[in-house]
Amino acid sequence: MIEILDITKQFGQKTVLHSLSARFGPGEVSMIIGSSGSGKSVLMKILVGLFAPDVGKVCYGTSDFFSLDIGGKTEIRKQIGMLFQNSALFDSLNVEQNVLFPLQMFGKQSVRQQLERVNHCLERVGLSGTNAMHTSQLSGGMRKRVGIARAIALEPRYLFCDEPNSGLDPLTSIKIDELIREITLESGITTIVNSHDMNSVMEIGNHICFLFRGKILWTGSKSNIMKTDCRELNDFVFATAFLKQLRTLNTD
Amino acid sequence: MLLRRLFKRPENRVLYTRELIRQMYTIGVGSIGIVIIIAVFSGAVTTIQTAYQLIASWISKSVIGAIVSDSSLLELGPTITSLVLAGKIGSSIASEIGTMRVTEQIDALEIMGINAPGYLIGPKILAALLTIPLLIVLSIGLCTAGGMVVGELTGIITYRQFVEGARSSFQAYNLFFSMTKAITFSFLISSISAYQGYYVEGGSLEVGKASTQAVVYSSVAILAADYILAQLLL
C-alpha cells in the first residue's frame, strides 16, 4: 500500500500541489486523472522519489520514503517498476538487454535464470521472439510492452504507469490497459496510473483520484464517476463531443 | 555535488566495468583516426615553418629537430590534441547523456535505484583519464615523426640531424609536464561535457545547445588550464 499525507509542492512562487492526501491499495489499479497542468506528473514524480515534496509524506507500507537514508530508498526503489510515457528504453541496448538490465544490476540469479525471467516477461507482454530487436525497430505499442516487461522484471510490489496510452491507437491502448490490469491482479501489486484517457479510466480504474489545479477534488470508482455532480470532473469526463452527445441522450 | 555522487559504491561491479570498457573503446579507439591526422600534419607544418623562420646560416639545422620535438611534447601533442578531442568526445558525451535526460532514461535509472551519475558519468571520466593520455602520447610520437619525415622528404633536414636535435633538447621533466597536462585536460573534457549533458532541460534543441556549450566550455577550460600549468610548472 502507498499512502500520501498532506503533500505540498511549490516551484518558485507557484504552488503546484496543495496538501494532497490519498491511499492506494494493493491488487487494484488506482488512477490519477486530470487535465494537462493539473499536477499529475509532479505528483507521480514525487511518488517515485524523483522530486521531494516541500511538505508531507509518501509512505510505502509503513516506511516514510523521504525520511529514509540512501540505502533504505534503494531498497524501496528495487520494489518499484515504472512504465514511462515514452517508454524510456535504453537506446544502446536491444529488447533482451533492456529487460535484463535491472536483473543484472540487482538480481542474484544465475545468468540462465535471468534469461529465463527475461523470456517469461517478454512472453507475458506478448513479445516472445523479439529479444534481438533493437529499440529503434519497435512500434509505439511494442515499446510500451517492452517498458512493461522491464518494469515487472524484478517482480515489483509497486507499478507506476505514466500516460501508458499516449500516442497509441485505441485497440493497442485497450491491450496495454488489459495487460496492466492483469499484471496487477496476478501479483497483487499496487498500481498507480497517471492518465487523461477516459477509455483507460473506464477500462481499469478501480480507484480514481481527480486532480484539479493541484488539489484532489474527487475520489471514487469508475462505477460512480459518470454520476458525479462535481462540475470540474464532469467538464473533464465529458470533454469530447461524442461523450457530450452520449450524456445528452442518457439524460433524455 | 555531481562529482561527489560518482564515488558511491557501484551497485554491480561487472556492469560498471563493462560500461567502462565500452567507453574506453568509444573514446580511445574511436578517436585514433582523428588524432593521427592532426598529429602528423601539425608536425609536418611545424618543421616547414620553423625552417622558414630560421634563415641564419650559422644556426645548426638540428635546432629544427629540437624545436619540433619540444613543441610536440609541450604543446602540440597535449593541447592541440585535447582541443580536437574536446570537439569530438565532449560533444558526444554531452549529447549522449543529454538525450538520455530528455527521453527520461536517466529517470528510469534513478527509479530503479541506480546511482545514475555513478553509472553514466563515472565510467566516462575514468575512460577519458585512461585513454586520452595514451592518445596524447601517440600524438606526440606521430607529430615528431611527421615533422621528421617531411623534413627529410623536402630536403629541409635529414633524419640524423633531426634525431640529434631532438635528443639534445629532450628533458624528462617535459614529459612529466606533458602528462600532467594530458590528465588535467582529460578530466576537464569529460567532466564538463558530462555536466552539460546531465543537466539538460527541454528537448532535442536543448541537447544540441548543451553539446555546443560542452565543446566551448571544455576548450576554454583547456586553454586556461594550459596557461595555469605552464605558469606553475615551468
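Just so it is clear, the model here is predicted, and its values are computed rather than measured.

A.B. asks: Give a detailed account of the sheet that holds strand E1 (residues 2–11) of chain A, specifying residues and quantitative values.
C.D. replies: Strand pairing in a sheet relies on backbone hydrogen bonds, with the paired strands running either antiparallel or parallel. All names here are of chain A. With antiparallel pairing, four strands are arranged side by side in an open sheet as E2-E1-E4-E5. The open sheet is flanked by strand E2 (14–24) and strand E5 (63–64), the only strands paired with a single partner. Alignment of strand E4 (residues 55–60) against E5, held across two bridges, turns out to be antiparallel. By the bridge assignment for E5, Tyr60 is matched with Ser63.

A.B. asks: Before we move on, can you summarise the packing of helix H9 (residues 172–198) of chain B against helix H10 (residues 204–233) of chain B with the specific residues and values?
C.D. replies: Residues and elements named next belong to chain B. Running from amino to carboxyl end, H9 crosses H10 at an angle of 155°, the nearest separation of the two axes being 9 Å. As judged from the angle between their axes, H9 and H10 are roughly antiparallel. Once H9 is placed against H10, the crossing between them reads as right-handed. Only Ala210, Gln213, Ala214, Tyr217, Ser218, Ala221, Ile222, Ala225, Asp226, Leu229 and Leu233 of H10 make contact with H9, whose side of the interface consists of Phe177, Thr180, Lys181, Thr184, Phe185, Leu188, Ile189, Ile192, Ser193, Gln196 and Gly197.

A.B. asks: Talk me through the confidence of the model for chain B; I want residue IDs and the actual numbers.
C.D. replies: With 100% of its residues at a pLDDT of at least 70, chain B reaches an overall mean of 93. Reported confidence for the predicted complex is 0.86 by ipTM and 0.87 by pTM.

A.B. asks: How would you sum up the pairing of strand E8 (residues 190–195) of chain A? Please name residues and give values.
C.D. replies: All names here are of chain A. For E8, the buried fraction is high: six of the six residues fall into the buried class. Residues Thr190, Ile192 and Asn194 point to one face of E8 and Thr191, Val193 and Ser195 to the other, with burial holding for every one of them. For strand E3 (residues 29–33) and E8, the ladder comprises five bridges, and the chain directions are parallel. The residue of E8 that forms the bridge with Met31 is Val193. In this sheet, E8 lies alongside strand E7 (residues 158–162) in parallel orientation, the contact comprising five bridges. Along E8, the bridge assignment pairs Phe160 with Ile192. For the crossover from E7 across helix H6 (residues 170–187) to E8, the handedness is right-handed.

A.B. asks: I'd like to hear about the sheet that holds E3 of chain A, residue by residue, with values.
C.D. replies: Residue and element names in this part refer to chain A. Pairing in this open sheet of six strands is mixed, and the strands run E6-E7-E8-E3-E9-E10 from one edge to the other. The open sheet is flanked by strand E6 (80–83) and strand E10 (215–220), the only strands paired with a single partner. Each adjacent strand pair in this sheet contributes to an overall mean axis angle of 20°, direction not counted. Looking at chain direction, E3 and strand E9 (residues 207–212) are connected through four bridges and run parallel. Bridging from a neighbouring strand, Ile32 pairs with Cys209 of E9.

A.B. asks: Could you give an account of the domain arrangement of chain A, with specific residues and numbers?
C.D. replies: Residues and elements named next belong to chain A. We note that the domain assignment places domain 1 (1–79 + 158–167 + 182–252) and domain 2 (91–155) within chain A. The centre of domain 1, based on its C-alpha atoms, is set 27 Å off from the matching centre of domain 2. Counting residues at the interface gives six residues for domain 1, matched by seven residues for domain 2. Grouping the constituent residues of the side of domain 1 that touches domain 2 by class yields three nonpolar, two polar and one charged.

A.B. asks: Tell me what's going on with the interface of chain B and chain A, and back it up with residues and numbers.
C.D. replies: The interface is formed by 13 residues belonging to chain B together with 15 residues belonging to chain A. Sorting elements by how many residues they give to the side of chain B that touches chain A places helix H5 (residues 105–111) of chain B first, with five residues. Broken down by class, the residue content of the side of chain B that touches chain A amounts to five nonpolar, four polar and four charged.

A.B. asks: Which residues make up the environment of Asp177 of chain A, and what values do they have?
C.D. replies: Residues and elements named next belong to chain A. Following the sequence through the fold, Asp177 ends up in helix H6. Judged by local crowding, Asp177 falls into the buried class, with 25 C-beta atoms found within 10 Å. Sequence separation between Asp177 and Gly205 is 28 residues, and the spatial gap between their C-alpha atoms is 9.7 Å.

A.B. asks: Could you give me a rundown of helix H8 (residues 159–169) of chain B, with the residues and numbers involved?
C.D. replies: Residues and elements named next belong to chain B. Phe162, Gly165 and Ala166 are the residues of H8 that are buried. Axial view of H8: buried residues confined to an arc of 95°, hence all on one face. In this structure, H8 carries Arg160 and Arg167 as exposed residues pointing more than 90 degrees from its buried face. Contacts made by the buried residues of H8 are with helix H4 (62–102) and helix H7 (122–154).

A.B. asks: Describe the nonpolar core, with residues and values.
C.D. replies: In terms of nonpolar packing, the biggest core is built from 113 residues, with Leu43, Leu47, Met82, Val99, Ala149 and Phe160 of chain A touching the most fellow members. The element that contributes the greatest number of residues to this core is H4 of chain B, accounting for 10 residues. Apart from residues lying up to four places away in sequence, Leu43 of chain A is in contact with Leu17, Leu20, Ile32 and Leu211 of chain A. If you look at the next biggest cluster of nonpolar residues, it comprises eight residues, including Ala51, Ile67, Phe162 and Ala166 of chain B.

Calculation notes
Residues numbered from 1 in each chain as written. Chains lettered and ligands numbered in written order. Predicted model: local features only at pLDDT ≥ 70, side-chain atom pairs only at ≥ 80, totals over all residues. Pairing = 2+ DSSP bridges. Helix = DSSP H or I, 4+ residues; strand = E, 2+ residues; numbered from the N terminus. Axes fitted to C-alpha atoms, helices over the stretch in contact; angles between N-to-C directions. Parallel < 35°, antiparallel > 145°, perpendicular 65-115°, else oblique. Left-handed = near helix turned anticlockwise from the far one by under 90°. Contact = placed C-beta atoms within 7 Å. pLDDT = per-residue confidence, 0-100. Buried ≥ 20, exposed ≤ 12 C-beta atoms within 10 Å, placed from the backbone. Right-handed = clockwise from strand over helix to strand, strands pointing away. Domains from an automatic or database assignment. Nonpolar A, V, L, I, M, F, W, Y, C, P; charged D, E, K, R; others polar. Arc of directions from axis to C-beta. Core = buried A, V, L, I, M, F, W, Y, C linked by C-beta atoms within 7 Å.

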